[in-house]
Amino acid sequence: MVNLIIDNKEVQVPKGTTIIEAAKKIHIKIPSLCHHPDQTVKGNCRICLVENDWGKLVAACSTKVSEGMKIKTNTKFVRDTQKGVLELILANHNQDCLKCDRNGNCELQDLCERFNISNNSLDENIVEAHEIDDFNCSIVRDYSKCIKCGRCADVCREVQNVDVLAATNRGAEYEFIPRFDRKLHETECVFCGQCIKVCPVGAIYEKSSIDQVLTAIDDEALHVIVQIAPAVRVSVGELFNLEPGSITEGQIVSSLKRIGFERVFDTNFSADLTIIEEGYELIDRITNGGKLPMITSCSPGWINYVEGHGEDLLGHLSTCKSPQQMFGAISKTYYAEKLGIHPSKIFTVSIMPCTAKKFEANREEMNSYGFPDVDAVLTTRELGRLIKSQGIDFANVEEEAFDAPFGIASGAGAIFGASGGVMEAALRSVYEILTKQELEKLEFEEVRGMQGIKEATVNINGNDIKVAVVHGLGNAKKVMEEIREGKSDYTFVEIMGCTGGCIGGGGQPIEKTKETKQKRMNALYTIDSNKEHRSSHKNPTIIKLYEEFLGEPNGHKAHVLLHTTYKGRKL
């Protein structure tokens, strides 16, 4: 342990701790912008400069503590220096905050308030930047807001292993842009949105579909319905100052009905449908010598990644569409028939924790008999903005239930939002379908939690089935290499593009700590444990859907509507 003094307060921390982390232990918050607790030290912004024993300035984010060190974080010298750095950043930053996506939730704005800066004291505010990159359907990059901290490039390279962003130029022209100065859609960006989650300002944000949705609701010729993904209900409350992990299903349903949606449905229903199709596909591959391991296909960020970096592995992917797209397909066919509405008059909206879902919904193959499965996708953050724009008191609104027929879902559908949830849901059904016996315990604890790669072995009818659960594309790459080299003995692999699965998706509220993700995950397991039905194959609405419309699981009609194909995505 190392003993030091920060602002006349003694503190003891492990060797190797940085000054900024040591200060946190005694509740001193040193200003920072490029520093992020989940990333490596960059030392780019220099606003964390503090004064050491010899009156010299050192960067608190990159300087490790030493025995007997004395640090001052609040002298006039330090305050003036930090304020000066902040003003230099502002001099090249678009200060049109009222129009900014992060207005009210911006780390730069917070620092301006801390240093009592209402406008830049420097004479000029000249922002020279690339044009706004909004040429794709998921993510917008506004270079006039970029403060060159490098967090986006770090998460893209170190966590996701996508590595489409890079630092270029020197001095005042130093910047982070897609390699070879391309637009995002011209790169192998997977649109996972993890860069949005770490950006301290409003330089990266989702492309909003709120106006498109409101226009559809106002169109009396359209029947507008909406589906809500599992992870949204345990995170949107954070946008209304509720605790992370607050379960707000009833408030969401009630709010959306007040906004004007004709029906509010649950994506957990189509998660159950996914498990039936995926489970029977796995059974077929095991019994008929199909390609193994089979890999899940629910995560569009993962699909974009494997299409760009693993064309040789596409045969391992389940052909099932994601729950979002399965719901859309059923809404334009079975639901349209039930209500006697032409599919062209049904406008299907998805509320998802994911920016890549916007890309997925726009893929040309995602349609049913010529009509797009899903017409518009809102992220969790957009849902929060939509509800606020309508003046709804979300925390206190009277709770309402999902509509029939797609409001009934199992607990297995709920846990889709957490890493390991798809695997656990699949194992519950595959085991009971193959053995014709009920599981003594439905929980598969080995595949739960935040560990990057988790493994489990399940004995079914005397055969050991080894499975793996992976989240984060950097971890996915490791498993892909094992499969390529023939070293993998897995039968089934779940891969989610984002850390923690959908609870950590790129469209979720900006979380500051890993504990927030864990609380969201715990809430999904609480929903599961309280459900009447906890296995997808026991969902009565799913059983009825096959009896009335789809026929056999994995049958011809199911394949036409609920399955898809993949292709290499080298650009």
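Structure's up top.
Residues numbered from 1 in each chain as written. Predicted model: local features only at pLDDT ≥ 70, side-chain atom pairs only at ≥ 80, totals over all residues. Heavy atoms only, no water.

### Considerations on the overall build of the protein chain
No. 1: Scanning the protein chain for helices and strands turns up 19 helices and 19 strands.
No. 2: For the protein chain, whose C-alpha radius of gyration is 25 Å, the value lies close to the compact-globule estimate of 25 Å for 571 residues.
No. 3: Here the C-alpha coordinates of the protein chain stretch approximately 80 × 55 × 45 Å along the principal axes.
No. 4: The buried share of the protein chain, reckoned over its 571 residues, is 59%.
No. 5: In the protein chain, once contacts between residues fewer than 6 apart in sequence are set aside, the share between residues at least 24 apart is 75%.
No. 6: For the protein chain, the centre of its 67 positive side-chain charges and the centre of its 80 negative side-chain charges are spaced 5 Å apart. (Helix = DSSP H or I, 4+ residues; strand = E, 2+ residues; numbered from the N terminus. Rg over C-alpha atoms; globule rule 2.2 N^0.38 Å. Buried < 20%, exposed > 50% of the residue type's maximum accessible area, 1.4 Å probe, protein only. Contact = heavy atoms within 4.5 Å. Lys, Arg positive; Asp, Glu negative; His and termini not counted. Charge placed at Lys NZ, Arg CZ, Asp CG, Glu CD.)

### Some thoughts on the sheet that holds strand 1 (residues 2–6)
No. 1: With mixed pairing, three strands are arranged side by side in an open sheet as 2-1-5. The outermost strands of the open sheet, each flanked by one partner alone, are strand 2 (9–13) and strand 5 (70–71).
No. 2: Strand direction decides the pairing type here: strand 1 and strand 5, joined by two bridges, are parallel. Paired with I5 across the bridge in strand 5 is K70. (Pairing = 2+ DSSP bridges.)

### Observations regarding the packing of aromatic side chains
No. 1: Counted by the stated rule, this structure contains eleven aromatic pairs.
No. 2: Judged by centre distance (6.3 Å) and plane angle (45°), the rings of Y334 and F406 are tilted. With Y334 in helix 11 (residues 334–339) and F406 in the loop between helix 13 (380–389) and helix 14 (411–414), the pair connects residues that are 72 residues apart, well separated along the chain. The exposure classification of Y334 matches that of F406, with both residues buried.
No. 3: Clustering of aromatic rings is evident, with ring pairs tying together F265, F269, F327, Y334, Y335, F406 and F549.
No. 4: Residue placement shows K388 over the ring face of F240; its charged tip is 5.4 Å from the ring centre. (Phe/Tyr/Trp six-rings, centres within 6.5 Å; stacked < 30°, edge-to-face > 60°. Lys NZ or Arg CZ within 6 Å of the ring centre and 35° of its normal.)

### Re the pairing of strand 1
No. 1: Burial of the side chains of strand 1 is restricted to one face: V2, L4 and I6 are buried, whereas none of N3 and I5 on the reverse face is.
No. 2: Bridging between strand 1 and strand 2 involves five bridges; their strand directions are antiparallel. Note that in strand 2 the partner of I5 across the bridge is E10.

### Looking at the environment of N8
No. 1: Checked against the element boundaries, N8 lands in the loop between strand 1 and strand 2.
No. 2: The exposure class assigned to N8 is exposed, which follows from its relative accessible area of 67%.
No. 3: Put simply, N8 and I71 are 63 residues apart on the chain and 8.3 Å apart in space, counted from C-alpha to C-alpha.

### Some details on the packing of helix 8 (residues 267–288) against helix 18 (residues 540–550)
No. 1: Taken N-terminus to C-terminus, the directions of helix 8 and helix 18 make an angle of 65°; their axes are 10 Å apart at the nearest point. Considering their axes alone, helix 8 and helix 18 lie roughly perpendicular with respect to each other. Here helix 8 runs over helix 18; the crossing is right-handed. Contacts between helix 8 and helix 18 involve F269, D272, L273, I276 and E277 on the former and, on the latter, T541, I542, L545, Y546 and L550. (Axes fitted to C-alpha atoms, helices over the stretch in contact; angles between N-to-C directions. Parallel < 35°, antiparallel > 145°, perpendicular 65-115°, else oblique. Left-handed = near helix turned anticlockwise from the far one by under 90°.)

### Quick notes on the nonpolar core
No. 1: Of all hydrophobic cores here, the largest spans 60 residues; its most connected members are L33, L86, L108, I204, W302, L317 and V493.
No. 2: Broken down by secondary-structure element, the contributors of at least two residues to this core are helix 2 (76–91), helix 3 (107–114), helix 4 (151–159), helix 5 (194–198), helix 9 (300–309), strand 18 (463–471), helix 16 (473–484) and strand 19 (492–496).
No. 3: For this core, the leading source of residues is helix 16, giving five residues.
No. 4: Counting 34 residues, the second largest nonpolar core, distinct from the first, contains I259, A361, A376 and F394. (Core = buried A, V, L, I, M, F, W, Y, C linked by side-chain atoms within 4.5 Å.)

### Looking at the side chain of E360
No. 1: Checked against the element boundaries, E360 lands in helix 12 (residues 356–361).
No. 2: Among the polar contacts made by the side chain of E360, one reaches the side chain of Q324 at a distance of 3.0 Å.
No. 3: Excluding its chain neighbours within four sequence positions, the residues that come into contact with E360 are C298, P300, S322, Q324, Q325 and M366. (Polar contact = N/O pair within 3.5 Å; in protein donor to acceptor, adjacent residues only side chain to side chain.)

### Observations concerning the packing of helix 7 (residues 249–259) against helix 13
How two helices pack is summed up by the angle between their axes together with the distance between the axes.
No. 1: Orientation of helix 7 relative to helix 13, taken along the N-to-C sense of each, is 55°, at an axis distance of 10 Å. Classed by the angle they form, the pair helix 7 and helix 13 counts as oblique. In the packing of helix 7 onto helix 13, the handedness of the crossing is left-handed. On helix 13, the residues touching I252, S255, L256 and I259 of helix 7 are L383, L386 and I387.
No. 2: Grouping the constituent residues of the contact of helix 7 with helix 13 by class yields six nonpolar, one polar and no charged. (Nonpolar A, V, L, I, M, F, W, Y, C, P; charged D, E, K, R; others polar.)

### Remarks on the pairing of strand 18
No. 1: In the sheet, strand 17 (residues 453–460) pairs with strand 18 via eight bridges, with the strands oriented antiparallel. Residue pairing in the sheet places V458 in a bridge with I465 of strand 18.
No. 2: Counting the residues that bridge the hairpin from strand 17 to strand 18 gives two residues, and of these N461 lies at a positive phi of roughly 50°.
No. 3: As judged from the five bridges shared by strand 18 and strand 19, these two strands associate in the parallel manner. Looking at the pairing, V470 lines up with I495 of strand 19.
No. 4: Crossover connection from strand 18 via helix 16 to parallel strand 19: handedness right-handed. (Right-handed = clockwise from strand over helix to strand, strands pointing away.)

### A closer look at the pattern of salt bridges
No. 1: Summed over all chains, the structure comprises 39 salt bridges.
No. 2: Where E107 meets R151, a salt bridge forms, and the shortest distance between an N and an O atom there is 3.0 Å. Of this pair, E107 sits in helix 3 while R151 sits in helix 4; the two residues are 44 residues apart in sequence, bridging distant segments of the chain.
No. 3: Each member of the salt-bridge network shares a partner with another, and the members are E424, R428, E443, R448, D528 and R534. (Salt bridge = Lys/Arg side-chain N within 4 Å of Asp/Glu carboxyl O.)

### Notes on the sheet that holds strand 12 (residues 294–295)
In a beta sheet, neighbouring strands pair by backbone hydrogen bonds and run either parallel or antiparallel.
No. 1: The strand order across the open sheet formed by four strands is 12-19-18-17, and the pairing between neighbours is mixed. Strand pairing shows two members of the sheet lacking a second neighbour, strand 12 and strand 17, which therefore form its edges.
No. 2: With two bridges connecting them, strand 12 and strand 19 associate as parallel partners. Each bridged residue has a counterpart across the sheet, and for I295 the counterpart in strand 19 is V493.

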